[in-house]
Amino acid sequence: MDEILKIEHLTKKYDDITVLNDISFTVKKGEVIVIVGPSGCGKSTLLRCINGLEGINDGKVDIQGKTGMVFQSYELFPHMSVLQNLMLAPIKVQKRKKDEVKTEALQLLERVGLSSKKDNYPRQLSGGQKQRVAIVRALIMHPEILLFDEVTAALDPEMVREVLDVILDLAKQDKTMLIVTHEMAFARAIADRVIFLDGGEIVEDTLPREFFDAPHTDRAKRFLKTFEF
Ligand code: ADP
Ligand code: MG
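Reading the values: the criteria
- Residues numbered from 1 in each chain as written.
- Chains lettered and ligands numbered in written order.
- Predicted model: local features only at pLDDT ≥ 70, side-chain atom pairs only at ≥ 80, totals over all residues.
- Heavy atoms only, no water.
- Pairing = 2+ DSSP bridges.
- Helix = DSSP H or I, 4+ residues; strand = E, 2+ residues; numbered from the N terminus.
- Axes fitted to C-alpha atoms, helices over the stretch in contact; angles between N-to-C directions.
- Contact = heavy atoms within 4.5 Å.
- Buried < 20%, exposed > 50% of the residue type's maximum accessible area, 1.4 Å probe, protein only.
- Near = heavy atom within 4 Å.
- Polar contact = N/O pair within 3.5 Å; in protein donor to acceptor, adjacent residues only side chain to side chain.
- Areas by Shrake-Rupley, 256 points an atom, 1.4 Å probe, with all protein chains shown as cover.
- Nonpolar A, V, L, I, M, F, W, Y, C, P; charged D, E, K, R; others polar.
- Expected span 1.5 Å × (residues − 1).
- Parallel < 35°, antiparallel > 145°, perpendicular 65-115°, else oblique.
- Left-handed = near helix turned anticlockwise from the far one by under 90°.
- Domains from an automatic or database assignment.
- Buried area = accessible area lost by both parts, 1.4 Å probe.
- Salt bridge = Lys/Arg side-chain N within 4 Å of Asp/Glu carboxyl O.

**Section: the sheet that holds strand S8 (residues 193–198)**
In step 1: As summarised here, the arrangement of the six strands in space is S5-S6-S7-S3-S8-S9, forming an open sheet in which the pairing is mixed. Here the strands that pair on one side only, and so sit at the sheet edges, are strand S5 (67–70) and strand S9 (201–206). Within the sheet, the average angular offset between the axes of one strand and its neighbour, ignoring direction, is 20°.
In step 2: Taken together, the five bridges between strand S6 (residues 145–149) and strand S7 (residues 176–180) define a ladder with parallel strand orientation. Counted as the bridge partner of Asp 149 is Val 180 from S7.
In step 3: In this fold helix H5 (residues 157–172) packs onto strand S3 (32–36), S6 and S7, with an angle of close to 150° to the strand it touches most, S7.
In step 4: Packed onto the sheet, helix H8 (residues 218–225) meets S3, S8 and S9 and runs at close to 95° relative to S8.

**Notes on the environment of Ser 126**
In step 1: Within the secondary structure, Ser 126 is located in the loop between helix H3 (98–111) and helix H4 (127–139).
In step 2: Accessibility expressed as a relative area gives 21% for Ser 126, which makes it partly exposed.
In step 3: Residues Ser 126 and Leu 155, spaced 29 residues apart in sequence, show a C-alpha to C-alpha distance of 9.1 Å.
In step 4: Filtering out sequence-adjacent residues up to four positions away, Ser 126 remains in contact with Met 159 and Glu 162.

**Comments concerning the site of ligand 1**
In step 1: By nearness alone, every residue bordering ligand 1 is listed as Tyr 14, Val 19, Pro 38, Ser 39, Gly 40, Cys 41, Gly 42, Lys 43, Ser 44 and Thr 45.
In step 2: Taking Cys 41, its main chain carries an N or O atom lying 3.3 Å from an oxygen atom of ligand 1.
In step 3: Gly 42 places a main-chain nitrogen or oxygen 3.0 Å from an oxygen atom of ligand 1.
In step 4: Relative to its unbound accessible area of 570 Å², ligand 1 is 56% covered by the protein chains.
In step 5: Sort the elements by how many residues they give to the shell around ligand 1 and helix H1 (residues 43–50) lands first, with three residues.
In step 6: The residue makeup of the shell around ligand 1, split by class, is four nonpolar, five polar and one charged.

**Observations concerning H4**
In step 1: Taking 1.5 Å of rise per residue, 13 residues should cover 18 Å, and H4 covers 18 Å from first to last C-alpha, within 8% of that figure.
In step 2: Among the 13 residues in H4, twelve count as buried, and that is most of the element.
In step 3: If you check which residues of H4 are buried, you get Gly 127, Gly 128, Gln 129, Lys 130, Gln 131, Arg 132, Val 133, Ala 134, Ile 135, Val 136, Ala 138 and Leu 139.
In step 4: Those residues of H4 that are buried lie in contact with S5, helix H2 (82–92), H3, S6 and H5.

**Focus on the packing of H4 against H5**
In step 1: The interhelical angle for the contact between H4 and H5, taken along N-to-C directions, is 20°, at an axis separation of 8 Å. By the criterion of interaxial angle, the relationship of H4 to H5 is roughly parallel. Along this stretch, H4 crosses H5, giving a crossing that reads as right-handed. Contacts from Gly 127, Gly 128, Gln 129, Gln 131, Arg 132, Ile 135 and Leu 139 of H4 reach H5 at Met 159, Glu 162, Val 163, Val 166, Ile 167 and Leu 170.
In step 2: In terms of residue class, the contact of H4 with H5 is built from seven nonpolar, four polar and two charged.

**Details of the domain arrangement of the protein chain**
In step 1: Under the domain assignment used here, the protein chain contains domain 1 (1–65 + 144–229) and domain 2 (78–143).
In step 2: Computed from C-alpha atoms alone, the centre-to-centre distance between domain 1 and domain 2 is 26 Å.
In step 3: Facing 15 residues of domain 1, the contacting portion of domain 2 comprises 13 residues.
In step 4: For the domain 1 and domain 2 pair, buried surface summed over both sides reaches about 1100 Å², with 71% attributable to carbon and sulfur atoms.
In step 5: Summed over the shared surface of domain 1 and domain 2, the result is one salt bridge.
In step 6: Linking Glu 162 and Arg 132 is a salt bridge whose minimum nitrogen-to-oxygen distance equals 3.0 Å.
In step 7: Counting across the domain 1 and domain 2 interface gives four residue pairs in polar contact (both at pLDDT 80 or more).

**Details of the packing of H2 against H3**
Think of two packed helices as two axes; the pair is described by the angle between the axes and how far apart they sit.
In step 1: Look at H2 against H3: their axes get within 10 Å of each other, and the N-to-C directions meet at 130°. In terms of their interaxial angle, H2 and H3 are classed as oblique. In terms of crossing hand, the pair formed by H2 and H3 is right-handed. Residues Val 82, Leu 83, Leu 86, Met 87, Pro 90 and Ile 91 of H2 lie in contact with H3, whose contacting residues are Lys 98, Val 101, Lys 102, Ala 105, Leu 106 and Leu 109.
In step 2: Tallied by class, the residues present in the contact of H2 with H3 amount to ten nonpolar, no polar and two charged.

Following this line, the structure appears as structure tokens:
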């Protein structure tokens with residue numbers, strides 16, 4: 001049984017408004033799922049329901065292990081150095097040993113090319129560097145699934161690549177990931193499967209090649225027309 005996440009008939013409402021309607025899909029260990037869809041279609045809400053940040057009204061979210069989430073806004077603590085930001089949760093929440101956590105933090109910083117920034121404060125980093133620190137902060141908790149919610153949307157174009165490259169590297173290491181993005185070339189390159197959400201419903205759940213070259217639905221065709229890539 002290598003299913004790591006199973007969502008069955010998930011429905012989520014805000015007041016009387018249904019924002020996710022009867023969502024079902026499963027994710028296998030090591031799979032990379034890219035979730036795309038127009039603004040307001042429910043992508044962030046879906047990740048938040050999976051992560052337990054939002055309660056659900058109906059259905060089931062069955063998850064093997066814990067999740068780590070990376071947001072558009074990095075949410076690093078401004079008064080703490082990079083290393084302190086990374087070490088806080090593993091030590092305070094997971095009760096791990098300081099030496100071991102520090103060794104891992106330094107290894108992960110090395111992997112994302114930020115060893116030299118370990119003692120810097122967030123305000124001394126570029127947006128792309130802050131986002132790479134935020135990714136390391138998620139990784140160091142050893143989550144079974146990583147959730148990315150438009151992590152490059154707030155970045156200047158020249159910094160998008162460095163963050164996407166880190167995520168591509170994680171895919172090569174067989175991490176299980178759910179990625180919400182508007183970077184369509186990246187989506188196509190990294191996805192094992194593409195889920196197209198529209199109006200709170202899964203409209204397509206298919207292979208990237210199929211989604212981008214021969215979408216089944218008019219809704220997907222219309223959505224893809226708004227991108228040039
Ligand atoms: P996306 O991430 O695809 O842009 P969201 O998941 O943020 O979409 O939002 C889906 C819908 O739910 C939108 O119509 C949005 O206005 C609504 N929504 C999101 N969060 C809340 C909230 N906390 N309270 C009420 N409505 C919300
Ligand atoms: Mg969103």
